[in-house]
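# What the coordinates show
Below are the chains, spelled out letter by letter.
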Amino acid sequence: MKGTPDSPQCGFSRAVVQILNTQGVDFKRIKTFNVLEDQELREGIKEYSKWPTVPQVYIKGEFIGGCDIMLHMHQSGELEDLLVKESLINIEDSPIDSQEQKQ
């Protein structure tokens, strides 16, 4: 990402952080890298994934996508399912699940 979860440095990185926060992901449990601090990482990650933009989200080493894909997955419910499956969130603790139960 550009920046850090506490201080994203572009709108796309900020959007991904907001999506993950909404999903209830604890940023202490995941690794993030600021590509603005390392040009080699910035270019290398694009080559590695064959994806031209940042941020890039990986779960357990598998490339998931960038901001647009994360937004689509969030809106469709696929992201929550994936995060639960990979034990990154607990469905009972999910803010989204709690909101749906209140309605």
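Residues numbered from 1 in each chain as written. Predicted model: local features only at pLDDT ≥ 70, side-chain atom pairs only at ≥ 80, totals over all residues. Heavy atoms only, no water.

Going by the annotation in an unreviewed UniProt entry, the name recorded for the chain is Glutaredoxin, with Gigaspora margarita given as the source organism.

### Describing the overall build of the chain
Each helix and strand in the chain was counted, giving five helices and two strands. Each helix and strand of the chain, ordered N terminal to C terminal, gives the series α-α-β-β-α-α-α. Sorting the 103 residues of the chain into buried and exposed places 37% on the buried side. In the chain, once contacts between residues fewer than 6 apart in sequence are set aside, the share between residues at least 24 apart is 47%. Of the roughly 6800 Å² that the chain leaves accessible, carbon and sulfur atoms contribute 48%. (Helix = DSSP H or I, 4+ residues; strand = E, 2+ residues; numbered from the N terminus. Buried < 20%, exposed > 50% of the residue type's maximum accessible area, 1.4 Å probe, protein only. Contact = heavy atoms within 4.5 Å. Areas by Shrake-Rupley, 256 points an atom, 1.4 Å probe, with all protein chains shown as cover.)

### Considering helix α3 (residues 67-76)
Along α3, the positions that sit buried rather than exposed are Cys67, Met70 and Met73. Seen end-on, α3 carries its buried residues on one side only, within an arc spanning 130°. Residues of α3 that are exposed and point more than 90 degrees away from the buried face comprise Asp68 and Gln75. Of the surrounding secondary structure, the elements contacted by the buried residues of α3 are α1 (11-23), β1 (57-59), β2 (62-65) and α4 (78-85). Immediately beyond the C-terminal end of α3, within one or two residues, lies glycine 77, with a positive phi of roughly 95°. (Arc of directions from axis to C-beta.)

### Some thoughts on the nonpolar core
Counting residues in hydrophobic clusters, the biggest one holds 18 residues, and the most contacted among them are Ile59, Ile64, Met70 and Leu83. By residue number, the principal contributor to this core is α1, which donates four residues. (Core = buried A, V, L, I, M, F, W, Y, C linked by side-chain atoms within 4.5 Å.)

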